Amino acid sequence: MKSVFVLTIIGFFSALLLYVTNDITKVPIEKAMERVKVEALRQIFPFEFKNDDIKTVIDESGKEFFEIKGEDNNLKGVAVETSSNEGYSGEIILLLAVSPKGEVFDYSVLAHKETPGLGNKIENEPFKKQFKDKTLDGFNWKVKKDGGFVDELTAATISSRAATDAVKKGLEVVSKKYFSGNKK
Amino acid sequence: MNAWQEFNKGIIKENPVLVALLGLCPVLAVTTTVINGLGMGLATTFVLLGSNIVISLISKLIPSKVRIPCYIVVIATFVTIVDLLIQAFSPALNKSLGIFIPLIVVNCMILGRAEAFASRNKLWYSILDALGMGIGFTLALFLLSAIREILGSGTIFGIAIAGNMPPILIFVLPPGAFAALGFIVAAVIYFTKKNKGAK
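First, a word on what this report is: a plain description of the structure on this page. (Residues numbered from 1 in each chain as written. Chains lettered and ligands numbered in written order. Predicted model: local features only at pLDDT ≥ 70, side-chain atom pairs only at ≥ 80, totals over all residues. Heavy atoms only, no water.)

A look at the overall build of chain B
When helices and strands are tallied, chain B shows eight helices and two strands. Its C-alpha atoms give chain B a radius of gyration of 18 Å, near enough to 16 Å, the size a compact globule of 199 residues would have. Along the first, second and third principal axes, the C-alpha set of chain B runs to 60 × 50 × 25 Å. Looking at chain B residue by residue over its 199 residues, the buried ones come to 45%. Pairs at least 24 apart in sequence give 74% of the contacts found in chain B among residues at least 6 apart. When the accessible surface of chain B is split by element, carbon and sulfur atoms take 73% of a total near 9,800 Å². (Helix = DSSP H or I, 4+ residues; strand = E, 2+ residues; numbered from the N terminus. Rg over C-alpha atoms; globule rule 2.2 N^0.38 Å. Buried < 20%, exposed > 50% of the residue type's maximum accessible area, 1.4 Å probe, protein only. Contact = heavy atoms within 4.5 Å. Areas by Shrake-Rupley, 256 points an atom, 1.4 Å probe, with all protein chains shown as cover.)

Below, the structure written as structure tokens:
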């Protein structure tokens, strides 16, 4: 009986302590996550923008689109989270920026578990540069080994394939929403 | 044993990583860069200090049958606090340490100190024990992560070091962690034996 009592008391005080901590850190955590997101968006668009210029649009399937609006409220670019399961180990998640004309600006890797020193080079400029200004049509979205246009990384064909796949999928999602039929 | 010895023992003589070989999961997993190693070390030290203080204060009230669940609740509370604080104030560290922060709960070094030391000693000694062990743990992580980062990535604290030596990739991968730790432990054993011989 005493055991139950003591455990309950300890559990109660733990819960109290965590409640207070959660209360204190809630706002900073939200702000930190927001900052990380804005930072990531800043990296992949080739132009400057203010925090207020970002508009988050969520479509019916729950997918988030980050629209960057210019001065007269015209669309300067869209970013979307995209991923691929074709990676060497686990999912690769990218944040992809697309121009209003459907060209790739750049992407940043949000999460991956590829081999350090080999597969993680998908985060580096020489590999990323290949996708710049490419559109869905007129570019063969495969690595060269599979008969496409993308130069795969040495010893990391699988990672290269997965990154290409993720960029392509992201571009498709954006195209479907913004460029098919009902143009905004 | 006097206070100084209680503090001192965790750093070299009973170092949790290099001598007792406790809590190796985070040691091997996060030491790819010095920043990660230090972050993990400090987070663990905080948890250890908190749990040692609380457990040494309440140990007389806890029936011995349920002592382990009680310790785990206390430890898990401090780990969650650290996790929330890191998420709030250091998102970059949160991203690179990720799942290994919540996993401090199962670091057997912390439960080991609670069971073997804090529950049997006074508050003041428990604090010294936690600080000593924490510093010992952090130092071991720092040493291992420095070796791995310099050899494996050619950087230290993320800054490239001079010299054109190509990085030895294996040191950022898990086998490199085992190898580097093995060499450090071997060196520690060698020097302790030598010291004993000299006396």
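Observations regarding the packing of helix α3 (residues 34–58) of chain B against helix α6 (residues 108–116) of chain B
Any two packed helices are characterised by the angle at which their axes cross and by the distance between the axes. Residues and elements named next belong to chain B. In contact at an axis separation of 10 Å, α3 and α6 are set at 25° when each is read in the N-to-C sense. Classified by the angle their axes make, α3 and α6 are roughly parallel. In this structure, α3 meets α6 at a crossing whose hand is right-handed. In contact with Thr-44, Val-47, Leu-48, Ser-51, Asn-52 and Ile-55 of α3, α6 contributes Met-109, Ile-110, Arg-113 and Ala-114. (Axes fitted to C-alpha atoms, helices over the stretch in contact; angles between N-to-C directions. Parallel < 35°, antiparallel > 145°, perpendicular 65-115°, else oblique. Left-handed = near helix turned anticlockwise from the far one by under 90°.)

Section: the interface of chain B and chain A
Listed as interface residues are 22 residues of chain B and, on the opposing side, 23 residues of chain A. Here chain B is connected to chain A by zero salt bridges. At the junction of chain B and chain A, the tally comes to one residue pair in polar contact (both at pLDDT 80 or more). If you list the elements that add at least two residues to the side of chain B that touches chain A, you get α4 (67–89) and α5 (91–97) of chain B. Among the elements that take part in the side of chain B that touches chain A, α4(B) stands out by supplying 12 residues, more than any other. Residues of the side of chain B that touches chain A, tallied by class, amount to 18 nonpolar, three polar and one charged. (Salt bridge = Lys/Arg side-chain N within 4 Å of Asp/Glu carboxyl O. Polar contact = N/O pair within 3.5 Å; in protein donor to acceptor, adjacent residues only side chain to side chain. Nonpolar A, V, L, I, M, F, W, Y, C, P; charged D, E, K, R; others polar.)

Examining the pattern of salt bridges
In total, this model carries 12 salt bridges over all chains according to the counting rule given. When the shortest N-O distance is used, the salt bridge between Lys55(A) and Glu67(A) registers 3.8 Å. With Lys55(A) in strand β1 (residues 54–58) and Glu67(A) in strand β2 (residues 64–69), this residue pair connects regions lying 12 residues apart in the sequence. A salt bridge links Lys144(A) to Asp151(A), with the nearest nitrogen and oxygen atoms 3.4 Å apart. A residue is classified by how much of its surface remains accessible, and Lys144(A), at 45% relative accessible area, is partly exposed. In the salt-bridge network here, residues are joined through shared partners; they are Glu6(B), Lys9(B), Arg113(B) and Asp129(B).

Section: the nonpolar core
Val47(B), Ile101(B) and Ile104(B) are the most contacted members of the largest nonpolar core, which has 43 residues in total. Breaking this core down by element, the ones donating at least two residues are α1 (2–44) of chain A together with α2 (24–30), α3, α4, α5, α6, α7 (123–153) and α8 (174–198) of chain B. Of all the elements, α4(B) adds the most residues to this core, at nine residues. Apart from the residues within four sequence positions on either side, Val47(B) is in contact with Ile75(B), Phe78(B), Val79(B), Val82(B), Ile104(B) and Ile110(B). Listed in part, the 27 residues of the second largest apolar core include Val57(A), Phe65(A), Leu96(A) and Phe131(A). (Core = buried A, V, L, I, M, F, W, Y, C linked by side-chain atoms within 4.5 Å.)

With respect to a nonpolar patch on the surface
A cluster of nonpolar side chains, namely Phe5(A), Ile9(A), Phe12(A), Phe13(A) and Leu16(A), defines an oily patch on the protein surface of about 530 Å² accessible area. Note that Phe12(A) resides in helix α1. (Patch = residues over 30% accessible without salt bridge, like charges linked within 9 Å, V, L, I, M, F, W, Y side chains within 5 Å.)

Regarding α6(B)
Residue and element names in this part refer to chain B. For α6, the set of buried residues is Met-109, Ile-110, Arg-113, Ala-114 and Glu-115. Here the buried face of α6 lies against α1 (3–9), α3, α4 and α7. With a side-chain oxygen lying 2.9 Å from the backbone nitrogen of Met-109, the N-terminal cap of α6 falls on Asn-107.

Looking at unusual backbone geometry
All names here are of chain A. One non-glycine residue with positive phi stands out, namely Asp-133, at about 65°. Mapped onto the elements of the fold, Asp-133 is located in the loop between α2 (125–128) and α3 (157–178). In this structure Asp-133 comes out as partly exposed when scored by relative accessible area, which is 46%.

A short note on the packing of α1(A) against α4(B)
Two elements in contact, α1(A) and α4(B), have axes separated by 8 Å at closest approach and are oriented at 10°. Classified by the interaxial angle, the pair formed by α1(A) and α4(B) is roughly parallel. Tallied by class, the residues present in the contact of α1(A) with α4(B) amount to 17 nonpolar, eight polar and no charged.

Let's talk about the sheet that holds β2(A)
All names here are of chain A. In spatial order, the strands read β1-β2-β3-β4-β5; together these five strands make up an open sheet with antiparallel pairing. At either margin of the open sheet sits one strand with a lone partner, and together these are β1 and β5 (104–111). Between one strand and the next, the sheet's axes are offset by a mean angle of 25°, whatever the strand orientation. With seven bridges connecting them, strand β3 (residues 75–84) and strand β4 (residues 92–98) associate as antiparallel partners. (Pairing = 2+ DSSP bridges.)

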